Amino acid sequence: MECTVSWTGALGTRSGMGFLAETGSGHTLVMDGAPDAAKPDNGGQNLAPRPMETLLAGAGGCTAYDVVLILKRGRHDVRGCTVKLDAERADLDPKVFTKINMHFTVTGKGVPAAAVERAIAMSHDKYCSASVMLGKTAEITTSFELLVV
């Protein structure tokens, strides 16, 4: 896996702290920094997600992918899955994530709550590389609700 991240601020773009990531699979992702009122040249323009937001989104995508795949492989009629991540970061640099809660909302027809709970646990404990990695610095908790259609 590879990715090239380039600073776009030197190109005269709107944001002095914008970045463009080009992934090995041929996709691009734009990131930007937060505005800095004290030193505007050192801040972004809030034109795109921050890099740490992108990291959190990646963990959400990784675990949601796992949950859906595990439920589908169990032949459950899953119709939707969202995960809302709430995170806290350390006050001092490096401002790593210290707490992350992942709240899943799974929609399905006849999907047992035990299957959802198992899928989340399997993702959290075994399959989701992103959450396992983030779990080295953050306390990760999970919760879920099941909506039946």
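Rules used throughout
Residues numbered from 1 in each chain as written. Predicted model: local features only at pLDDT ≥ 70, side-chain atom pairs only at ≥ 80, totals over all residues. Heavy atoms only, no water. Helix = DSSP H or I, 4+ residues; strand = E, 2+ residues; numbered from the N terminus. Buried < 20%, exposed > 50% of the residue type's maximum accessible area, 1.4 Å probe, protein only. Contact = heavy atoms within 4.5 Å. Axes fitted to C-alpha atoms, helices over the stretch in contact; angles between N-to-C directions. Parallel < 35°, antiparallel > 145°, perpendicular 65-115°, else oblique. Left-handed = near helix turned anticlockwise from the far one by under 90°. Salt bridge = Lys/Arg side-chain N within 4 Å of Asp/Glu carboxyl O. Pairing = 2+ DSSP bridges.

Caption draft 1: Local environment of the environment of Val111. Following the sequence through the fold, Val111 ends up in the loop between β5 (97-109) and α2 (113-127). Classification of Val111 as buried rests on a relative accessible area of 5%. With residues near it in sequence (within four places) discarded, Val111 still touches Leu71, His76, Asp77, Val78, Val116 and Leu146.

Caption draft 2: View of the packing of helix α1 (residues 51-73) against α2. It is at 9 Å that the axes of α1 and α2 come closest, and there the two elements cross at 130°. The angle between α1 and α2 falls in the class oblique. In the crossing of α1 with α2, the sense of the turn from one axis to the other is right-handed. Facing Thr63, Asp66, Val67, Ile70 and Leu71 of α1, the residues of α2 in contact are Ala115, Val116, Arg118, Ala119, Ile120, Met122, Ser123 and Tyr127.

Caption draft 3: Highlighting the pattern of salt bridges. Taken as a whole, this structure holds two salt bridges when the rule is applied. Linking Asp77 and Arg79 is a salt bridge whose minimum nitrogen-to-oxygen distance equals 2.9 Å. For Asp77, a relative accessible area of 32% gives the class partly exposed. Residue Lys84 is joined to Asp86 by a salt bridge in which the shortest nitrogen-to-oxygen separation is 2.8 Å.

Caption draft 4: Local environment of the sheet that holds strand β4 (residues 77-89). Read across the sheet, three strands follow the order β4-β5-β6 without closing on themselves; strand pairing throughout is mixed. Lying at the two open borders of the sheet, with one neighbouring strand each, are β4 and β6 (139-148). Neighbour-to-neighbour, the strand axes of this sheet turn through a mean angle of 15°, independent of strand direction. As defined by bridge partners, β4 adjoins β5 across twelve bridges and the pair is classed as antiparallel. When the bridges of β5 are listed, Glu88 appears paired with Lys99. Set on the sheet, α1 makes contact with β4 and β5; between it and β4 the angle comes to about 150°. Contacts from α2 reach β5 and β6, with the element oriented near 150° to β6.

Caption draft 5: Looking closely at the sheet that holds strand β3 (residues 28-32). The strand order across the open sheet formed by three strands is β1-β2-β3, and the pairing between neighbours is antiparallel. In the strand order of this sheet, the two ends are held by β1 (3-7) and β3, each with one partner. Strand-to-strand twist in this sheet, taken as the mean axis angle between neighbours without regard to direction, amounts to 20°. Judged from the five bridges that link them, β1 and strand β2 (residues 18-23) form a sheet pairing that is antiparallel. Paired with Cys3 across the strands is Thr23, a residue of β2.

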